[in-house]
Amino acid sequence: MKHFFVWVLRIFLMAAVLFGCYELTLYLSGQFDPPAMVGYLDASQGEPPVDAELLRQGAADAQLGFCQRQALPNELAAAARQLCEEGVQALVISLGEPLSEGTAAEMLALAREWGVTLLYTGEKPGEGALGQEALAWYLGSDPALAGEVLGQRAAMLFREGGAPDFNEDHLLQYLWLADEADAHRGVLRRYILEECEHYGVYSNELGSLEGPAGSLYEQALAEWGELAARPEILLCSGPEAAEAARQAAQRLGWHAGPEGQELIPILCAAPNEPAARALLETSGLAGCCYYDLEGVSRALARMAVNAAQHEFVARDTGLEPNGSEFLLPYKALLPG
């Protein structure tokens, strides 16, 4: 009986040693390391330029963890460090304004220290924020691209009679109406007019109004009512301006045809596709362009997964970088 217990003890010890060796092998091979993680840090302080749920789903499809935080611009580096300490390998950061020089330097230092890839979206982070080491990238869009889409639409309307040349001077007579909250209104307007010229359509400004969204209708009604000439198109910065323009034009009785069946064309940009579709349905726009929220979000999700898996960020996205930037176009939405 004594020998039996000795053999049982030896077998138990041998099994324990073998199991310990197995566990050690797993540990050394990284099997007990926490899963790679994708992080999302929202510092946009407004409507986010990325859909967090699409980021989350992209991480889940790749069996990666996901964590999300919000931060004020001056707290960005501290919040990013906390996410790095939690195991994030790729960090998507939405911005509502460019980074300060100090914050940009802190973020790059974090990327070097932790080996984390930074993926900015929304506002461009600013000069010097992306570095030269493939540690930081920007993916988003440019309001100039929105201007090009609307400019092409304006030119085609004029050339094809959708915006009739009432005074037959071969110039597109336009009014500009902008919500002062639309930060990129100046760039949008500039590129609308430049793109019109690219298509051989030159323009003449009849008036320009910019102000708070709530007062645009009253301002437009007052100032447009004093115009000697009738505009041939209304160019607007965004949804609020477009709705104010529609109401003012309706009140003033501006119509494009002798039968009064069609309002003077209105064009504007929108923050996303649902907003653009709602504008076409309710405001009777002649065209709209929108920021491709879904396209940007899906591309960022793929890039974040690539970075977390130590692949080139643009793998399987179909995107080509311009330096450290990837730009997606605005999309056009037309009636019908």
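## With respect to the side chain of E195
- Along the polypeptide, E195 turns up in helix α6 (residues 185–198).
- In this view, E195 contacts G147, E148, G151 and Q152; residues no more than four positions away in its chain are not counted.

## Concerning the packing of aromatic side chains
- Applying the stated criterion across every chain yields a total of four aromatic pairs.
- Plain terms: the ring middles of W137 and F312 are 6.0 Å apart, the flat faces sit at 75 degrees to each other, and that makes the pair edge-to-face. Of this pair, W137 sits in strand β5 (residues 136–140) while F312 sits in the loop between α10 (293–308) and β11 (325–327), and the two are 175 residues apart along the sequence.
- Under the relative-accessibility criterion, W137 is labelled buried at 8%.
- Each residue in the set W137, F312 and F326 is aromatic and connected to the rest through ring pairs, giving one cluster.
- The positively charged end of R230 is found above the aromatic ring belonging to F166, 4.0 Å away from the centroid.

## Details of the pattern of salt bridges
- One pass over the full model with this rule turns up 15 salt bridges.
- Of the charged contacts in the structure, one is a salt bridge between E113 and R81, with a shortest N-O distance of 3.1 Å. Of the two residues, E113 sits in helix α4 (residues 101–114) while R81 sits in helix α3 (residues 76–85), which places them 32 residues apart along the sequence.
- Across the pair R112 and E133 runs a salt bridge whose closest N-O atoms are separated by 2.8 Å. Of this pair, R112 sits in helix α4 while E133 sits in the loop between β4 (117–122) and β5; the two residues are 21 residues apart in sequence, bridging distant segments of the chain.
- What emerges from the salt-bridge pattern is a single network uniting K124, D142 and E325.

## What about the environment of L64?
- Mapping L64 onto the fold places it in the loop between α2 (52–61) and β2 (65–70).
- Note on L64: relative accessible area 12%, which makes it buried.
- For the pair L64 and V38, spaced 26 residues apart in the sequence, the C-alpha separation amounts to 6.9 Å.

## Focus: the confidence of the model for the chain
- Averaged over every residue, the pLDDT of the chain is 88; residues scoring 70 or more account for 87%.
- In the predicted structure, residues 15–34 sits below a pLDDT of 50 and forms four contacts with residues beyond four places in sequence or in another chain.

## Brief notes about the sheet that holds strand β3 (residues 88–95)
- Taken together, the six strands give an open sheet; going across it, the order is β2-β1-β3-β4-β5-β11, and neighbouring strands pair in parallel fashion. Two strands lie at the open edges of the sheet, namely β2 and β11, each paired on one side alone. Along the sheet, successive strands turn relative to each other by an average axial angle of 20 degrees, direction set aside.
- Looking at chain direction, strand β1 (residues 37–43) and β3 are connected through seven bridges and run parallel. The residue of β3 that forms the bridge with D42 is S94.

## Focus: unusual backbone geometry
- Positive phi values are uncommon outside glycine, yet Q45 reaches one of about 55 degrees.
- With respect to the helices and strands, Q45 occurs in the loop between β1 and α2.
- The backbone of H170 sits at a positive phi, close to 65 degrees, despite the residue not being glycine.
- Mapped onto the elements, H170 comes out in the loop between α5 (143–160) and β6 (172–179).

Criteria and cut-off values
The residue numbers shown here count from 1 along each chain, following its written sequence. Given that the model is predicted, a residue must reach a pLDDT of at least 70 before its local features are reported, and side-chain atom pairs must reach 80 or more before they are shown or counted; all residues, however, enter totals for whole chains, interfaces and linings. Only hydrogens and water are removed before side-chain values are computed, so all heavy atoms of the structure are retained for them. Labels follow the DSSP assignment, with helices taken as runs of H or I lasting at least four residues and strands as runs of E lasting at least two, numbered in each case from the N terminus. Whether two residues touch is decided by their heavy atoms; if any such pair falls within 4.5 Å, the residues are in contact. Pairing of aromatic rings covers Phe, Tyr and Trp, the last counted by its six-membered ring, and requires centre-to-centre distances within 6.5 Å; plane angles under 30 degrees mean stacked, over 60 mean edge-to-face, and any other angle means tilted. Accessibility here uses a 1.4 Å probe with only protein chains present; expressed as a share of the type maximum, an area under 20% marks a residue as buried, one over 50% as exposed, and anything in between as partly exposed. In this scheme, Lys NZ or Arg CZ marks a charge over a ring once it lies within 6 Å of the ring centre and within 35 degrees of the ring normal. Criterion for a salt bridge: a side-chain nitrogen of Lys or Arg within 4 Å of a carboxyl oxygen of Asp or Glu. The predictor's confidence in any single residue is recorded as pLDDT, a number from 0 to 100. At least two DSSP bridges between two strands are needed for those strands to be called paired. Note on method: axes are straight lines fitted to C-alpha atoms, helices fitted across the in-contact stretch only, with angles between N-to-C directions ranging 0 to 180 degrees.

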